[in-house]
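A look at the structure
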Amino acid sequence: MPEGHTLHRLAAQINTVFAGHLWRVSSPQGRFSAGAERLDGQVPQHAEAWGKHLFVHLGPAVWQVHLGLYGAFSFRGDADFAAEATIGAPRAAAVTFEPAYDDGGWLIPEPPKGAVRARVSGRHGWADLRGPTTCAVLDLAEYQAVIGRLGPDPLRQGPPGQDMPSQETPAGLPGQGLRGRTEADLRGAFLHNLTRRRISIAAALMDQAVIAGVGNIYRAESLFLERLDPHTPSNQVAPERASALWDRLTEQLRDGVAEGRIRTVRTRGSRRHWVYKHQGTPCKRCGAVIEAAELVGRRLYWCPGCQRD
Ligand SMILES: [Zn+2]
């Protein structure tokens, strides 16, 4: 499943290619026809990510997308449409095409292929959304209810010393008041959420109400690097270690946004992860055999040698 860094990249790309310009929206597959009608012919003002959710603001309407396990956006356009080809679950690369334009000067999109839940088109390109878990139009109250259930997202804080992230909602747009929070606020919320739960720290990291945006890979790798036993109850993780875990996750998610993939082993070589999917092989740090077990429906990976407490 795409982790939070993917959604932040997606929001940034939508801002780059669509925000501030009129767009056309349709649902070639038909399952999002009513929603598409509400978004069609509007001007998307701003896209933002919170954890694994994407929100695109269009006045009082908010388009919400959760990619889930299989969802992805694919972007196509002419030379003026600077976009990464796909964001989300892996998809086959598209072949090149010859751009053609309608009488109004808009690029004519290719006919949709497969089950396209939503297609959004601008003058110079379009994006097709396939396979999302959620694709809905919310009003502001519904939007606030969704984000009210989400824990702090480490990517929604500015760099050290700065309170506001560069990609945040410009002043005056809906939701602004909910986001003027400092790094200390977000970290504090994470620590507070941990003290209120007795589930294991490994389970807590996957709970989007505790921290938003962390998925299976960042969970395994951050706990390994912080030498935390994944089975430790959340409320027994010492505050300084919980704080270090927050910093680690922040760093990893930021690297993910910058690089477009998850790589936690920073030394040269082909190995990208320390423990994720390396069960049964020796730990590169201590030599103990890496273990794996099911935990709340997802596979957990850890090193019993390094992660003892
Ligand atoms: Zn180890």
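Residues numbered from 1 in each chain as written. Predicted model: local features only at pLDDT ≥ 70, side-chain atom pairs only at ≥ 80, totals over all residues. Heavy atoms only, no water.

All right, on to the environment of Thr 16 then. Its place among the elements puts Thr 16 in helix 1 (residues 4-17). Residue Thr 16 is classed as exposed on the basis of its relative accessible area, which comes to 58%. Along the backbone, Thr 16 and Ser 121 are 105 residues apart, and their C-alpha atoms lie at a distance of 13 Å. Looking at Thr 16, its side chain comes within polar contact range of the main-chain oxygen of Ala 12, at 2.9 Å. (Helix = DSSP H or I, 4+ residues; strand = E, 2+ residues; numbered from the N terminus. Buried < 20%, exposed > 50% of the residue type's maximum accessible area, 1.4 Å probe, protein only. Polar contact = N/O pair within 3.5 Å; in protein donor to acceptor, adjacent residues only side chain to side chain.)

Per the stated rule, a full pass over the model turns up 14 salt bridges. Glu 84 is the partner of Arg 9 in a salt bridge, and the nearest nitrogen-oxygen pair spans 2.7 Å. In this pair, Arg 9 is assigned in helix 1 and Glu 84 in the loop between strand 5 (72-77) and strand 6 (86-88), connecting sequence segments 75 residues apart. The salt bridge partner of Arg 266 is Glu 259, with a shortest N-O separation of 2.8 Å. Salt bridges here are not isolated pairs; linked through shared partners, they connect Arg 119, Asp 128 and Arg 130. (Salt bridge = Lys/Arg side-chain N within 4 Å of Asp/Glu carboxyl O.)

On the basis of which strands lie adjacent, the open sheet formed by four strands has the order 2-3-4-9 and antiparallel pairing. At either end of the open sheet lies a strand with only one pairing partner, and these are strand 2 (46-50) and strand 9 (134-138). Within this sheet the neighbouring strands show an average axis-to-axis angle of 20°, counted without direction. Bridge count for strand 3 (residues 53-58) against strand 4 (residues 61-66) is six bridges, and the pairing is antiparallel. When the sheet's bridge partners are listed, His 57 is paired in strand 4 with Val 62. Helix-sheet contacts for helix 1 involve strand 2 and strand 3, and the interaxial angle to strand 2 is about 175°. (Pairing = 2+ DSSP bridges. Axes fitted to C-alpha atoms, helices over the stretch in contact; angles between N-to-C directions. Contact = heavy atoms within 4.5 Å.)

What the five strands build is an open sheet, ordered 1-7-8-5-6; its pairing is antiparallel. Strands with a single pairing partner mark the edges of an open sheet, and in this sheet they are strand 1 (24-26) and strand 6. Each strand of the sheet is rotated relative to its neighbour by a mean of 15°, with strand direction disregarded. As defined by bridge partners, strand 7 (residues 116-121) adjoins strand 8 (residues 125-130) across five bridges and the pair is classed as antiparallel. Bridge assignment links Val 116 to a residue of strand 8, and that residue is Arg 130.

This part takes up the side chain of Lys 52. Mapping Lys 52 onto the fold places it in the loop between strand 2 and strand 3. Engagement of the side chain of Lys 52 in a polar contact is seen with the backbone oxygen of Val 214, the distance being 3.3 Å. Once residues within four sequence positions are removed from consideration, Lys 52 is found in contact with Met 1, Pro 2, Glu 3, Leu 7, Val 65, His 66, Leu 67, Gln 208, Gly 213, Val 214 and Gly 215.

Attention now moves to the nonpolar core. Counting 38 residues, the largest nonpolar core has Phe 190, Leu 205, Ile 211, Phe 224, Leu 245 and Val 275 as its most contacted members. Top contributing element to this core by residue count: helix 6 (residues 216-225), with six residues. Excluding its chain neighbours within four sequence positions, the residues that come into contact with Leu 245 are Phe 190, Ile 201, Leu 205, Ser 222, Leu 223, Glu 226 and Leu 228. One finds Ala 36, Ala 49, Phe 75 and Ala 127 within the second-largest nonpolar core, a separate group that totals 30 residues. (Core = buried A, V, L, I, M, F, W, Y, C linked by side-chain atoms within 4.5 Å.)

Below, the discussion takes up the packing of aromatic side chains. The full count for this structure, using the stated rule, is ten aromatic pairs. Their ring planes at 65° and their centres at 5.6 Å tell us that Phe 18 and Trp 23 sit as a pair that is edge-to-face. The two residues Phe 18 and Trp 23 agree in class, both being buried. A ring pair is formed by Trp 23 and Trp 63, whose centres lie 6.0 Å apart and whose planes are at 80°; its orientation type is edge-to-face. Here Trp 23 is found in the loop between helix 1 and strand 1, whereas its partner Trp 63 is found in strand 4, with 40 residues between them in sequence. Taken together, Phe 18, Trp 23, Phe 32, Trp 63, Phe 73, Phe 75 and Phe 81 form an aromatic cluster joined through their ring pairs. When the ring centre of Phe 224 is taken as origin, the NZ or CZ atom of Arg 285, which lies over that ring, is 4.2 Å away. (Phe/Tyr/Trp six-rings, centres within 6.5 Å; stacked < 30°, edge-to-face > 60°. Lys NZ or Arg CZ within 6 Å of the ring centre and 35° of its normal.)

This next bit is on unusual backbone geometry. Despite not being glycine, Arg 227 shows a phi value in the positive range, around 55°. If you trace the backbone, Arg 227 turns up in the loop between helix 6 and helix 7 (239-259). We classify Arg 227 as partly exposed; its relative accessible area is 39%. Even without being a glycine, Lys 277 presents a positive backbone phi close to 60°.

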